[in-house]
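Architecture at a glance
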Amino acid sequence: QMTKTDIIRDLKDAAKGKMVISASKVAEVMGMRDAEARKLCEGCHYDPRGKNKMYYIEDVSAKIAARRRI
């Protein structure tokens, strides 16, 4: 059973220590389909700079944890 801290660590590792991550990277790390990860990231805060939405890991991990009822 993963804790929220584990999720944050895994996502930050995948994002090479950055505070933001793409939905497709979330899918890869969490073993989800791309569409599922994009849906999960909807409504999360993201960095408006750049053409790809980069979501804040804190927000994304909270949603993943809530979904898994951690």
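Reference entry: report on the structure contained in this document.

A tally of regular secondary structure across the protein chain gives four helices and three strands. For the protein chain, the α and β elements follow one another from N to C terminus as α-β-α-α-β-β-α. Taking 70 residues into account, the globule formula puts the C-alpha radius of gyration at 11 Å, and the protein chain, at 11 Å, falls close to it. Dimensions of the protein chain, computed from C-alpha atoms along their principal axes, come out at roughly 35 × 25 × 20 Å. Across the 70 residues in the protein chain, those meeting the buried criterion constitute 34%. Restricting the contact set of the protein chain to residue pairs at least 6 apart, pairs at least 24 apart contribute 53%. Just so you have it, the protein chain exposes about 4700 Å², and 50% of that area is on carbon and sulfur atoms. Here the protein chain contributes 16 positive and 10 negative side-chain charges, whose respective centroids are spaced 3 Å apart.

Applying the stated criterion across every chain yields a total of six salt bridges. Across the pair Arg9 and Asp10 runs a salt bridge whose closest N-O atoms are separated by 3.7 Å. Classification of Asp10 as partly exposed rests on a relative accessible area of 25%. A salt bridge links Asp34 to Arg38, with the shortest nitrogen-to-oxygen separation between them at 3.7 Å. With Asp34 and Arg38 both in helix H3 (residues 34–41) and four residues apart, this pair spans about one turn of that helix. Residue classification places Arg38 among the partly exposed residues on the basis of a relative accessible area of 45%. A single network of salt bridges, built from pairs that share partners, joins Asp6, Arg9 and Asp10.

Pairing between the strands of a sheet is mediated by backbone hydrogen bonds and can be parallel or antiparallel. The strand order across the open sheet formed by three strands is E1-E3-E2, and the pairing between neighbours is antiparallel. Strand pairing shows two members of the sheet lacking a second neighbour, strand E1 (20–21) and strand E2 (46–47), which therefore form its edges. Taken strand by strand, helix H4 (residues 57–67) contacts E1 and strand E3 (54–56), and its axis lies near 70 degrees from that of E3.

A few words on the nonpolar core. Ranked by internal contacts, the top residues of the largest apolar core, which has 20 residues, are Leu11, Ile21, Val26, Met30, Met32, Val60 and Ile64. For this core, the secondary structure elements donating two or more residues are helix H1 (4–14), helix H2 (23–30), H3 and H4. In this structure Ile21 touches Leu11, Ala14, Ala15, Val26, Lys53, Met54, Tyr55 and Ile57, once residues within four positions along its chain are discounted.

Right, let's talk about the packing of aromatic side chains for a bit. When we look at a pair of aromatic rings, we describe it by the centre distance and by the angle of the planes. This model, assessed by the stated rule, comprises one aromatic pair. Aromatic side chains Tyr46 and Tyr55 sit 5.9 Å apart centroid to centroid with 65 degrees between the ring planes, which places their arrangement in the edge-to-face category.

The geometry of H2 relative to H3 is characterised by a closest axis approach of 8 Å and an angle of 120 degrees between their N-to-C directions. In this structure, H2 crosses over H3, and the sense of that crossing is right-handed. Along the contact surface, H2 presents Ala23, Ser24, Val26 and Ala27, while H3 presents Asp34, Ala37, Arg38, Leu40 and Cys41.

Rules used throughout
Residues numbered from 1 in each chain as written. Predicted model: local features only at pLDDT ≥ 70, side-chain atom pairs only at ≥ 80, totals over all residues. Heavy atoms only, no water. Helix = DSSP H or I, 4+ residues; strand = E, 2+ residues; numbered from the N terminus. Rg over C-alpha atoms; globule rule 2.2 N^0.38 Å. Buried < 20%, exposed > 50% of the residue type's maximum accessible area, 1.4 Å probe, protein only. Contact = heavy atoms within 4.5 Å. Areas by Shrake-Rupley, 256 points an atom, 1.4 Å probe, with all protein chains shown as cover. Lys, Arg positive; Asp, Glu negative; His and termini not counted. Charge placed at Lys NZ, Arg CZ, Asp CG, Glu CD. Salt bridge = Lys/Arg side-chain N within 4 Å of Asp/Glu carboxyl O. Pairing = 2+ DSSP bridges. Axes fitted to C-alpha atoms, helices over the stretch in contact; angles between N-to-C directions. Core = buried A, V, L, I, M, F, W, Y, C linked by side-chain atoms within 4.5 Å. Phe/Tyr/Trp six-rings, centres within 6.5 Å; stacked < 30°, edge-to-face > 60°. Left-handed = near helix turned anticlockwise from the far one by under 90°.

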